[in-house]
Amino acid sequence: LEALINYFETIPTLHRSLLLVGGITFFWLLEGMLPLFNFKYNKWKHAVPNLFFTLTTIIINFALAFLLLGTADWVTANNFGIINWLPEMPMWLYIVLGVLLLDFIGAYLAHFTEHKVGVLWMVHLVHHSDHEVDTTSANRHHPLESVIRFVFTLVGVFIIGAPIGIVMLYQSMSLVFTQFTHANIKIPKQ
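Residues numbered from 1 in each chain as written. Predicted model: local features only at pLDDT ≥ 70, side-chain atom pairs only at ≥ 80, totals over all residues. Heavy atoms only, no water.

### Considering the environment of His 128
- Mapped onto the fold, His 128 is located in helix 6 (residues 118-128).
- Its relative accessible area of 39% is what places His 128 among the partly exposed residues.
- Through-space distance from the C-alpha of His 128 to that of Arg 140 is 8.5 Å; in sequence the pair is 12 residues apart.
- Those residues in contact with His 128 that sit more than four places away from it in its chain are His 111, His 115 and Trp 121.
- Separated by 3.2 Å, the side chains of His 128 and His 115 make a polar contact. (Helix = DSSP H or I, 4+ residues; strand = E, 2+ residues; numbered from the N terminus. Buried < 20%, exposed > 50% of the residue type's maximum accessible area, 1.4 Å probe, protein only. Contact = heavy atoms within 4.5 Å. Polar contact = N/O pair within 3.5 Å; in protein donor to acceptor, adjacent residues only side chain to side chain.)

### Quick look at the packing of aromatic side chains
- Taken as a whole and assessed by the stated rule, the structure comprises 13 aromatic pairs.
- A centroid spacing of 4.7 Å and a plane angle of 35 degrees characterise the contact between Phe 80 and Phe 158, whose relative ring orientation is tilted. Of the two residues, Phe 80 is situated in the loop between helix 3 (43-77) and helix 4 (82-85) and Phe 158 in helix 7 (residues 143-160); the sequence distance between them amounts to 78 residues.
- We classify Phe 80 as partly exposed; its relative accessible area is 23%.
- Aromatic rings pair up to connect Trp 74, Phe 80, Trp 85 and Phe 158 into one cluster.
- The ring of Trp 28 is capped by Lys 43, whose NZ or CZ atom sits 4.6 Å from the centre of that ring. (Phe/Tyr/Trp six-rings, centres within 6.5 Å; stacked < 30°, edge-to-face > 60°. Lys NZ or Arg CZ within 6 Å of the ring centre and 35° of its normal.)

### Describing the confidence of the model for the chain
- Predicted confidence across the chain gives a mean pLDDT of 96, with 100% of residues reaching 70 or more.
- Element-level pLDDT for the chain is lowest in helix 1 (residues 2-9), with a mean of 94, against a maximum mean of 98 in helix 7. (pLDDT = per-residue confidence, 0-100.)

### Thoughts on the nonpolar core
- If you look at the biggest cluster of nonpolar residues, it comprises 24 residues, and the most contacted ones within it are Leu 68, Leu 102, Ile 166, Val 167 and Met 168.
- Broken down by secondary-structure element, the contributors of at least two residues to this core are helix 1, helix 3, helix 5 (91-116), helix 7 and helix 8 (164-182).
- If we skip the residues at most four places from it in the chain, Val 167 touches Leu 68, Leu 102, Val 157 and Ala 162. (Core = buried A, V, L, I, M, F, W, Y, C linked by side-chain atoms within 4.5 Å.)

Laid out in structure tokens, this is it:
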């Protein structure tokens, strides 16, 4: 497990890019073979605005990445945050708690807040305005929403005390799971 965290501490940009492009490609192909709904639309034409919003999210996250790295380094150096204040635990539990808590604050709480606060809902509507939801819809976020979600994740890193290895693992898992949950694929019942 330490090797896994060490890998994600220094995950190359190329590998992160492959997760994004590979995930979209994999689920895009699955949608063609096992569609849940038979949309009558030009898949490429539909993907263009969604991929544009994905690109804006990438640019925003890249521009603000120094804040994420600095916060993760600070909490690690200062033994700050929930998972650092808990008693000694096995590495697997440390990782699982870090990922689950980051998901709660960085994804669930951000999404919940966007649904409950009027002005944030108006920004979040860009995501919900896609009438043919597919894997490209996963990162269809208004640029302001990308900033809002980044802030939630940053606060999560601070409160939780997540080191950068856990942050990168969480973000990689979240990316692929988001692509999967938005994919228009039929899943067998058993």
